[in-house]
Number of protein chains: 2
Amino acid sequence: MSTSSRSSPMATAQIDTLKLISKEYHDFNGSHYDILHRSSTPLGFSRLVHISRPVLFKSCVVPDATSRWTNEYLVNSMGERSISIAVTPNGRADAITCGKDGRLYFAEPHVESMTMRTFLDKLSAEPKFCKTSAGDSEVYYLQSQNGNLFAARYFDLSGEPDPSVFEPLRRDVPSEISWCTEALGRSPEAVNLWIGNSRSVTSMHSDPYENIYSVVRGAKHFTLLPPTEAWCVKERTYPHARFQRSQATSQLELVPSPPRAPSIRWSSVQDPTSPGALPPEAHPIHITVRAGETLYLPAGWWHYVRQSELTIAINYWYDMESRGMSWVWHNFLRGSGDPPSGNQDDR
Amino acid sequence: MSTSSRSSPMATAQIDTLKLISKEYHDFNGSHYDILHRSSTPLGFSRLVHISRPVLFKSCVVPDATSRWTNEYLVNSMGERSISIAVTPNGRADAITCGKDGRLYFAEPHVESMTMRTFLDKLSAEPKFCKTSAGDSEVYYLQSQNGNLFAARYFDLSGEPDPSVFEPLRRDVPSEISWCTEALGRSPEAVNLWIGNSRSVTSMHSDPYENIYSVVRGAKHFTLLPPTEAWCVKERTYPHARFQRSQATSQLELVPSPPRAPSIRWSSVQDPTSPGALPPEAHPIHITVRAGETLYLPAGWWHYVRQSELTIAINYWYDMESRGMSWVWHNFLRGSGDPPSGNQDDR
C-alpha cells in the first residue's frame, strides 16, 4: 500500500503542499461567511463570485409564490403527472455504499415513477426502522438534478421546447435569478426542484457550478469545505452500481455495473459531521438554510447536505467562469491524476 | 549548488508542479487578451477582474484633457516646482545591477530634484553613448510610484490634505476611474504619473494591485507573463544598493546598503525579450499601449516595460481583493520561502 501511495500523484510531497495551501487559505479567510439581509445586485454578486465564499441571504430570493407550496397545493397542481423519485434503502443516493460482496460502490438510486400525492404520502409517513415488508423503510427523494424545473434548453434561442413534468409549478418559480444571470453574463445551466426528508442525505461532493440554493419549506443543513480542503475529503475511485428492485423479493438490491463502466471518483468521507471523519486540519463550515433563505454556494466548494424535516428547495446552477484560473486551481487542489481505489484489495 | 536547490522550497518536485499548472493554465487560456473599443462598466470590469486576464482598451479611459500635455504645457503648468527624478547610469531603476565588486545588487535609483523644464530637456536631449563628461549618458525617469498624483490619503475621509507637487496637473487627471472604483468597491491606493524615454526600462516584477495603465503620449511596450509563470522569472534574493553621486567625480556609483538591510526578492531575468532569457515553457504576451489607450493589467501579472520615445503615462493602482483565494494562489505560484541568492558564491 505504501508503494501505491508513493506512486499516486497524491504522494506525500503533494499532500504537504496542499496542506500548506489550505492552512494559508484558512489563515486569510477563517470560517467566516457573510449573512446578507437583502438580495444582491449584479455588481454585488459579481464581487461575491470573485471572492468565492459562501453567503447566506436571509431575504427571499425566490419570490413568495412558493410560500403557498403546501402538500395540498403541490398535489392539486401536479395531479396525475408521473414524477421520477430516487429510492434507496438507506437514504444515500449517489453515495458510497457497501455491496453484498463487501466491496464499496458508488451507488446510484433506483428511480420510480409516482404521483406527487403518492410521493408526499411516503415522505410524510412515519419511518419504520425495521423492515417489516418490502419497501417500508425505503427512502424517497425528489433529486433528479437534470434541470427538472428549467433546463439549459429553456434559455437558448433555438426555439426548441423545454418541457417539464413540473410545468404546473413553473408559474411559482422564476426561471432565473436576474442579478445572478446579469452578474455572470449567462442563464442558468439547470434549475432543480428538491423534495426530501430527514432520511435523505447528499454525500460530500463539489460541483463546477455557482449554486444558488433557496429553501422553500423545512431546512437544509450544509457542511461545507473550501476548495482548498479538497485533500480532506479523501477522494477515491469506486466501481459503479445501481439499486434495482428484485423481481423475486421486491427488495432493493445493489447491482454492480459491468466492469467496463467507468469508475467514479468520489469522497470516501461518508459523514463529515461524524467525529474523526475529517482530518484535524479541516475547517468545516456549518450553515442551516431555512425556509425563505438562500445560500450562495460558490463553485468548487465541497458540500454535504441533510434535512431535518420535509424540505423543499429550488437551486440554480450557473456554469462557473471557465476563463482565468478557477478551473486550473480547482483541478490542482483535487490532485492530479486518478486517486487510488476506495477498495483496499484493488490497490 | 545541487544541495542548495534540493533544500530550497523551489525544489525539483515543486518546480514540476508549477510547470504543470502553468501548462494547464496556458492550455485553457492561451495567450489571448481582449481588445475593447469602449471603456467598461462597473459590472463589466468586475467580471474582467474575476477572469484576471489583460485587456487593452482602445478608447480613452483618462479624459481628453491630457491630450494637451505638450512639453510646453507641462513646463508652463509646473513652473519652478521641484520634482523628484530617478537617475541611473543604465536606465534600470529598481533592477538587478552588477556592482564594482562583481556582485549583483537590487539597485534603487539616485533621486534628483529639478524643474519640469530641466527634466524634459534632459529627456529630449540626444543621448550620448560614450561618457564624455559626468551625467551625459545618465538616464532620467519620473517614476516616483508613491501616488505622486493622488495618494490613498486623498480619498480617505480623515480630511487630511494630500498635497502633490503635481497639483497643477491634477485638473487634467481624474482622481479615480469611476467604473473601477465602483467595481472594486474601493478608491485607488495610488495614482502615478510616469514620464520617461526609450532609455528607461522597468524590470520584470509583479504587483499586488489591479493596475489601470493609461498612455498619454508615446507608447509603452509591455512584456507580460501570467501569475502561473512566476517560476519562469526565476526570482532570487539580492543585496540592496542605491546609486549615489560621488562628490569626487560627480559620477553615479552603486553603493551597497549596510548588510543589515533586508535583501530583496527579484526576478533574475534581466530582459525577457532577449532570446533564451525565459524558459521555453514561458508564454510571454507582448502588448503595445499607445497614446489614448489603456491597459488593464491584473494583479499578480509579471510585467517588463519599455518605451520607444518620450512617453507619458498615468496609472491607477487598486488594492487587489484580499478575501478568497487570490493571495494564497499568488503566494503559492511564487514558491514558498525565500528563493536562493542571486549571487552564486553566496549559496
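As recorded in an unreviewed UniProt entry, chain A goes by the name Clavaminate synthase-like protein, listed as coming from Laetiporus sulphureus 93-53.

Draft legend 1. The overall build of chain A, seen in detail. When its secondary structure is counted, chain A shows nine helices and 20 strands. For chain A, whose C-alpha radius of gyration is 21 Å, the value lies close to the compact-globule estimate of 20 Å for 347 residues. Summarising its shape, the C-alpha atoms of chain A cover approximately 60 × 60 × 40 Å along the three principal directions. Within chain A, the proportion of its 347 residues that are buried is 53%. The long-range fraction of contacts in chain A, counting pairs at least 24 apart against all pairs at least 6 apart in sequence, stands at 82%. As displayed, chain A offers around 15000 Å² of accessible surface, 50% of which is attributable to carbon and sulfur atoms. Mean positive and mean negative side-chain charge positions of chain A (34 and 37 charges, respectively) differ by 3 Å.

Draft legend 2. Seen up close, the interface of chain B and chain A. Counting residues at the interface gives 30 residues for chain B, matched by 30 residues for chain A. Regarding the contact of chain B and chain A, the summed buried area is about 3000 Å², with carbon and sulfur atoms giving 68% of it. Summed over the shared surface of chain B and chain A, the result is zero salt bridges. Summed over the shared surface of chain B and chain A, the number is ten residue pairs in polar contact (both at pLDDT 80 or more). Broken down by secondary-structure element, the contributors of at least two residues to the side of chain B that touches chain A are helix H2 (12-29), helix H3 (42-51), helix H8 (178-184) and helix H9 (326-334) of chain B.

Draft legend 3. Region of interest: the sheet that holds strand S4 (residues 95-98) of chain B. Residues and elements named next belong to chain B. Strand order in the open sheet formed by four strands is S4-S5-S14-S15, with mixed pairing between adjacent strands. Across the chains shown, the open sheet's two edge strands, defined by having one partner strand only, are S4 and strand S15 (252-256). Strand after strand, the sheet turns through a mean of 50 degrees between neighbouring axes, direction not considered. With four bridges joining them, S4 and strand S5 (residues 104-108) adopt antiparallel strand pairing. Each bridged residue has a counterpart across the sheet, and for Ile-96 the counterpart in S5 is Phe-106.

Draft legend 4. Region of the structure containing the pattern of salt bridges. A full pass over the atoms with the stated rule returns 27 salt bridges over all chains. For the salt bridge of Glu281(B) with Lys19(B), the shortest nitrogen-to-oxygen distance reads 3.6 Å. With a gap of 262 residues between them, Glu281(B) in the loop between strand S16 (264-267) and strand S17 (285-290) and Lys19(B) in helix H2 connect regions that are remote in the sequence. Here Lys19(B) falls in the partly exposed class, since its relative accessible area comes to 30%. Linked through salt bridges whose partners overlap, the residues forming this network are Arg153(A), Glu160(A), Asp162(A) and Arg170(A).

Here is what the cut-offs are and how they apply
Residues numbered from 1 in each chain as written. Chains lettered and ligands numbered in written order. Predicted model: local features only at pLDDT ≥ 70, side-chain atom pairs only at ≥ 80, totals over all residues. Heavy atoms only, no water. Helix = DSSP H or I, 4+ residues; strand = E, 2+ residues; numbered from the N terminus. Rg over C-alpha atoms; globule rule 2.2 N^0.38 Å. Buried < 20%, exposed > 50% of the residue type's maximum accessible area, 1.4 Å probe, protein only. Contact = heavy atoms within 4.5 Å. Areas by Shrake-Rupley, 256 points an atom, 1.4 Å probe, with all protein chains shown as cover. Lys, Arg positive; Asp, Glu negative; His and termini not counted. Charge placed at Lys NZ, Arg CZ, Asp CG, Glu CD. Buried area = accessible area lost by both parts, 1.4 Å probe. Salt bridge = Lys/Arg side-chain N within 4 Å of Asp/Glu carboxyl O. Polar contact = N/O pair within 3.5 Å; in protein donor to acceptor, adjacent residues only side chain to side chain. Pairing = 2+ DSSP bridges. Axes fitted to C-alpha atoms, helices over the stretch in contact; angles between N-to-C directions.

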